[in-house]
Amino acid sequence: MSNEYADIGLIGLAVMGQNLVLNMADHGYKVAVFNRTTEKTREFLRHCRDHEPSVDRVLGYEELEEFVAHIKRPRKIVLLVKAGTGTDAALNSLLPFLEPGDIVVDGGNAHWMDTRRREREFTDKGFEFIGSGVSGGETGARFGPSLMPGGSAKAWSSLEPIWRAIAAKVDPVTGQPLEGAEPGKPVEGGFSCTAHIGPDGAGHYVKMVHNGIEYIDMQLISEAYWLMKKLLGLKSEQIGEQFDAWNKGDLGSYLIQITGEILQQQDPESDSYLVDKILDAAGQKGTGLWTASSALELGVPANAIAEAVFARALSSLKEERVFASSCLSGPAIEVQTGIEEWGEAIRTALYCSKICAYAQGFQLMKEAQKVYGWQLDFGTIASIWRGGCIIRASFLNRITQAYQEVPALGNLMLAPYFRQILAEGQTAWRKVIALAVVNGLPVPAFSSALAYYDGYRSADLPANLIQAQRDYFGAHTYERTDQPRGRFFHLEWTAEQRVQRVEG
Ligand code: NBP
């Protein structure tokens, strides 16, 4: 075994780990690698030898102790293993070989509460711990992911040069991703899609919200697709072309781009489009659920994000839905004429709903920072989502600008650009939802986003009645509109309550 010392180590040679190693090696870093199953390490080294220009910078080890011993001090060791118990097991096996000052970076999809716990445990032992969101799937990991690290400023300053080098790059002004990287030839220059998010679990929290937004983005796109298919009677290919056209405008994004490609993909097994052959039951791995749960816990109205999680749950009830379709009645769908006009209305509804969904994600982070003691920079967060990650979109440049202009922006919908889009688009947005409802087509994400918009812009809501009900049956008190906030009142609503009070 060689006596070379690596700049950084990585544990976990599944799809993400392998690609991140190659990305780091392409940027000139020597990377020590280790995987629990040694055969995978051997396979990876064979692949590097045969296919990768940066092979000389990848150093493989079969013993954990030896792996650790061949990393420059203070060591930087990245974990890309299965989140949860896999991460704890890998961390426990690593602990005996660490020395004070070593930095462990968990790049998996950890729950931010686990990251807070791990950061405390490692700091208590004299080590540094960074929980870093990594977004972009295998291609992102290979050629530039969006990286969202949370941990101490000291640990970040050690990791920063490597993270900045390997992250996705975008044009600093337009926010457009700088593409064209290939093995051995990374993209240089541009704005690097990473920044220190905050301490302990902040990075993983922001990555979780990114994933929650990804859920709602995908649900909104699927509703737009469904309306064009069912209400406008368009074929997959025609809808795909529509998405291609939308990708050139304000909606331009990775998810819109791949949707255009997906819808025009022929099924290799038949003469249909592949999407028409794919079972309509969506899976999920849990980060959407975490986002919705956190919103519920913190009392943040992220209803569209939660709706996206429920929509996947409803879709997965395939057999029940098939049965119910034969016995629960609904209207016959009336295919519309005026395809161009309705197509534009659906695009508008999608854009307005998307603005509301992102507003919810940012509101959630705003509340979380108060509860968990972070100071998040929302303009920076939007800016590092412009490249590398799944929700990358030209729209994020608008969000970056909105927070740069007003860092303490109350709600994204209040920024002048977004306010104007919502004002101009609301009529079409409402028409699309109304038409879907009349035709019995479910559009939970479109409609919950609109309910959020209407609720947020309403000076009055019927919650006065809820407060009265709560006071009636539970003496929970209410505030009055003609008295200062914070003064609470209670009424004995019935003769029985008044008698009980006298007797009590
Ligand atoms: P997986 O999530 O499938 O994890 C497989 C890796 O974990 C293998 O290297 C495996 O080693 C290792 N591992 C397990 Br399982 N249990 C372990 C243990 N007890 N001790 C040590 N190693 C253990 O890999 P992935 O899809 O590459 O994802 C890696 C991380 O990145 C995950 O946390 C994931 O959530 C996150 N992530 C994934 C994506 C994506 O697109 N896939 C995107 C963003 C983030 P073995 O070979 O010995 O079984």
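- Under the annotation held in an unreviewed UniProt entry, the protein carries the name 6-phosphogluconate dehydrogenase, decarboxylating and is attributed to Candidatus Methylospira mobilis.
- Taken directly from UniProt, the Pathway (unreviewed entry) text for the protein runs: "Carbohydrate degradation; pentose phosphate pathway; D-ribulose 5-phosphate from D-glucose 6-phosphate (oxidative stage): step 3/3."
- Its UniProt record gives the protein the following Function (unreviewed entry) comment, quoted word for word: "Catalyzes the oxidative decarboxylation of 6-phosphogluconate to ribulose 5-phosphate and CO(2), with concomitant reduction of NADP to NADPH."

### Here's the deal with the pairing of strand β7 (residues 146–150)
Then step 1. For β7, a buried count of five out of five residues is recorded, marking the element as mostly surrounded by other parts of the structure.
Then step 2. Both faces of β7 are covered, namely the face carrying S146, M148 and G150 and the face carrying L147 and P149.
Then step 3. Sheet topology note: the strand β6 (residues 128–135)/β7 ladder contains five bridges and is antiparallel. Note that in β7 the partner of V134 across the bridge is L147.

### Quick look at the site of the ligand
Then step 1. Around the ligand, the structure places 20 residues, and the nearest of them are M16, N35, T37, K40 and V81.
Then step 2. Here an oxygen atom of the ligand and a backbone polar atom of A83 are 3.4 Å apart.
Then step 3. Relative to its free-state accessible area of 910 Å², the ligand is covered by the protein chains to the extent of 76%.
Then step 4. Counting only elements with at least two residues in the shell around the ligand, the list comes to α1 (15–26) and α4 (85–94).
Then step 5. Per-element accounting of the shell around the ligand gives the leading share, three residues, to α4.
Then step 6. The residue inventory of the shell around the ligand, partitioned by class, reads 10 nonpolar, seven polar and three charged.

### A look at the UniProt feature "active site" (unreviewed entry) in the protein
Then step 1. UniProt tags K207 and E214 as "active site" (unreviewed entry).
Then step 2. Residue placement: K207 occurs in helix α8 (residues 202–230).
Then step 3. Using a relative accessible area of 5% as the deciding quantity, one classes K207 as buried.
Then step 4. Not counting chain neighbours up to four residues away, the residues in contact with K207 comprise N109, G133, V134, S135 and M148.
Then step 5. For K207, the side chain forms a polar contact with the side chain of N109, separated by 2.8 Å.
Then step 6. Aside from chain neighbours lying at most four places away, what touches E214 is L255, I390 and I391.

### Digging into the environment of G440
Then step 1. On the secondary structure map, G440 appears in the loop between α17 (416–438) and α18 (444–456).
Then step 2. For G440, a relative accessible area of 46% corresponds to the partly exposed category.
Then step 3. Each C-alpha atom, one on G440 and one on S329, is 9.5 Å from the other, the two residues being 111 residues apart in sequence.

### Observations regarding the UniProt feature "domain: 6-phosphogluconate dehydrogenase C-terminal" (unreviewed entry) in the protein
Then step 1. Under the UniProt annotation, "domain: 6-phosphogluconate dehydrogenase C-terminal" (unreviewed entry) lies at residues 203–494.
Then step 2. Here residues 203–494 is 62% helix and 0% strand, with 53 Å between the C-alpha atoms at its ends.

### Observations concerning the pairing of strand β2 (residues 31–34)
Then step 1. Residues V31 and V33 point to one face of β2 and A32 and F34 to the other, with burial holding for every one of them.
Then step 2. Following the chain from strand β1 (residues 8–11) across α1 to the adjacent parallel β2, one finds a crossover that is right-handed.
Then step 3. Pairing between β2 and strand β3 (residues 58–60): three bridges, direction parallel. Counterpart to V33 in the pairing with β3 is G60.
Then step 4. One crossover worth recording links β2 to the parallel β3 by way of helix α2 (residues 38–51), and it is right-handed.

Rules and cut-offs
- Residues numbered from 1 in each chain as written.
- Predicted model: local features only at pLDDT ≥ 70, side-chain atom pairs only at ≥ 80, totals over all residues.
- Heavy atoms only, no water.
- UniProt positions renumbered as here; feature names shortened; annotations may be inferred.
- Buried < 20%, exposed > 50% of the residue type's maximum accessible area, 1.4 Å probe, protein only.
- Helix = DSSP H or I, 4+ residues; strand = E, 2+ residues; numbered from the N terminus.
- Pairing = 2+ DSSP bridges.
- Near = heavy atom within 4 Å.
- Polar contact = N/O pair within 3.5 Å; in protein donor to acceptor, adjacent residues only side chain to side chain.
- Areas by Shrake-Rupley, 256 points an atom, 1.4 Å probe, with all protein chains shown as cover.
- Nonpolar A, V, L, I, M, F, W, Y, C, P; charged D, E, K, R; others polar.
- Contact = heavy atoms within 4.5 Å.
- Right-handed = clockwise from strand over helix to strand, strands pointing away.

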